[in-house]
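One-letter residues, chain by chain:
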Amino acid sequence: ARTDRREFHQAEQDVWKLCYTILAEKFPTTPQGQEAVAVLRRIAVVGKPLTQFEGPTIDGGFVSVNDFAGRPTLIYFWSTEDEDFVKDVLPAIQKIRSQLVDSRLRMIGVPLDEDETELEAFMEKNALPGQQIFFTNPEQRSWNSPLIRFWGVSKTPSVWVLDNQTNVISTNVETSQLVPTLQNSAEQLQRVQTESMALRDQKNSAERQYNQAIDAN
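The text that follows walks through the structure, step by step, so that each part is easy to find.

Reading the values: the criteria
Residues numbered from 1 in each chain as written. Predicted model: local features only at pLDDT ≥ 70, side-chain atom pairs only at ≥ 80, totals over all residues. Heavy atoms only, no water. Helix = DSSP H or I, 4+ residues; strand = E, 2+ residues; numbered from the N terminus. Buried < 20%, exposed > 50% of the residue type's maximum accessible area, 1.4 Å probe, protein only. Contact = heavy atoms within 4.5 Å. Areas by Shrake-Rupley, 256 points an atom, 1.4 Å probe, with all protein chains shown as cover. Salt bridge = Lys/Arg side-chain N within 4 Å of Asp/Glu carboxyl O. 1 Å grid on protein atoms, 1.4 Å probe; cavity = no way out; pocket = protein on both sides within 12 Å on 5 of 7 lines; lining within 4 Å. Points joined across faces, edges and corners; volume = space filled by probe spheres on them. Nonpolar A, V, L, I, M, F, W, Y, C, P; charged D, E, K, R; others polar. Core = buried A, V, L, I, M, F, W, Y, C linked by side-chain atoms within 4.5 Å. Phe/Tyr/Trp six-rings, centres within 6.5 Å; stacked < 30°, edge-to-face > 60°. Pairing = 2+ DSSP bridges.

We now examine the overall build of the chain. A tally of regular secondary structure across the chain gives 6 helices and 7 strands. Starting at the N terminus, the α and β elements of the chain follow one another as α-α-β-β-β-α-β-α-β-α-β-β-α. Taken across its 217 residues, the chain has 37% of its residues classed as buried. Pairs at least 24 residues apart make up 66% of the contacts formed inside the chain by residues separated by at least 6 positions. Working note: accessible area of the chain is about 13,200 Å², and carbon and sulfur atoms make up 50% of it.

In structure tokens form, the structure reads like this:
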């Protein structure tokens, strides 16, 4: 049954991709055509390194994908008025944050709210994990966010997951799959770190043996 659902989901995605492709090709200069191009860009980035993803944070900082490498990253698009986010996604990512320290997982939020005061009040009340990208220019907020428009994000909540090399694992992670997806990414990172440490130890050992041989002569 699970395989059947995956096949149905893939078939549905293929149909939507075909529709967006036709729209982008037939009406490239219209708003609808440009939106289709952005959606196709988001679909195509899965399995590839994420680029062109950055913005100011509500606390005065700045987030850039150039700093993402080294640990898995969870990006979540959300809104304070989104009941599905409050009921399902927020508890899930809060649980994940309590289980994984910052050194093993980066979290980035992209709120689609327009009012900064209301957003800050919600964040203070609910302790949202991670930095929150929020543009200072009111005209670049909500669905006019440069990130939303460039990547064709069409719904909230939406959750993306990247591996430790910024490769996009998914741009549509279901809430039920958040924990296993991130656990898999964390385990992969742990294996990479373990292998790197082993190679470093081998290199150091070889250098010591070489130096000892030189000293002996």
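Text resumes after the structure shown.
All chains considered together, the criterion is met by 1 salt bridge. Across the pair Arg-141 and Glu-116 runs a salt bridge whose closest N-O atoms are separated by 3.8 Å. In this pair, Arg-141 sits in the loop between strand 5 (131-132) and helix 5 (146-151) while Glu-116 sits in helix 4 (residues 116-126), placing the two residues 25 residues apart along the sequence. Residue classification places Arg-141 among the buried residues on the basis of a relative accessible area of 10%.

In this section: the layout of surface pockets. Here the idea is plain: a probe the size of a water molecule rolls over the atoms and shows the empty space left. Here the second largest pocket is characterised by a volume of approximately 260 Å³. In terms of lining residues, the second largest pocket is bounded by Pro-31, Gln-34, Glu-35, Ala-38, Trp-143, Ile-148, Arg-149, Gly-152, Val-153 and Ser-154. Counting only elements with at least two residues in the lining of the second largest pocket, the list comes to helix 2 (31-45) and helix 5. When its residues are assigned to classes, the lining of the second largest pocket shows 5 nonpolar, 3 polar and 2 charged.

It is worth spelling out the nonpolar core at this point. By size, the foremost hydrophobic cluster in this structure holds 22 residues, and its most contacted members are Leu-74, Tyr-76, Trp-78, Phe-85, Ile-93 and Leu-178. The set of elements that each furnish at least two residues to this core consists of strand 3 (73-78), helix 3 (83-99), helix 4 and strand 6 (158-162). Examining the composition of this core, we find that 6 residues originate from one element, helix 3, more than from any other. Every residue in contact with Leu-178, bar those within four places of it in the chain, is listed here: Leu-74, Ala-92, Ile-93, Ile-96, Val-159 and Val-173. Counting residues in hydrophobic clusters, the runner-up holds 20 residues, among them Val-45, Val-63, Val-65 and Phe-68.

Another point: the packing of aromatic side chains. The description of an aromatic ring pair uses the distance of the two centres, along with the angle that the planes make with each other. The final tally for this structure, using the stated rule, is 8 aromatic pairs. On the basis of an interplanar angle of 85° and a centroid distance of 6.4 Å, the ring pair of Phe-53 and Phe-77 is categorised as edge-to-face. Taken together, the residues Phe-53 in the loop between helix 2 and strand 1 (54-56) and Phe-77 in strand 3 connect sequence positions 24 residues apart. On the accessibility criterion, Phe-53 (1% relative accessible area) is buried. Classification of Phe-77 by relative accessible area gives buried; the value is 0%. Ring geometry for Trp-78 versus Phe-85: centroids 5.0 Å apart, planes at 20°, classification stacked.

Burial runs high along strand 3: 6 of the 6 residues are buried. Both faces of strand 3 are covered, namely the face carrying Thr-73, Ile-75 and Phe-77 and the face carrying Leu-74, Tyr-76 and Trp-78. Examined bridge by bridge, strand 3 and strand 4 (residues 106-111) share 6 bridges and lie parallel to one another. Bridge pairing links Ile-75 to Ile-108 in strand 4. Where strand 3 and strand 6 come together, 5 bridges link them in antiparallel fashion. Directly across from Tyr-76, in strand 6, lies its bridge partner Val-159.

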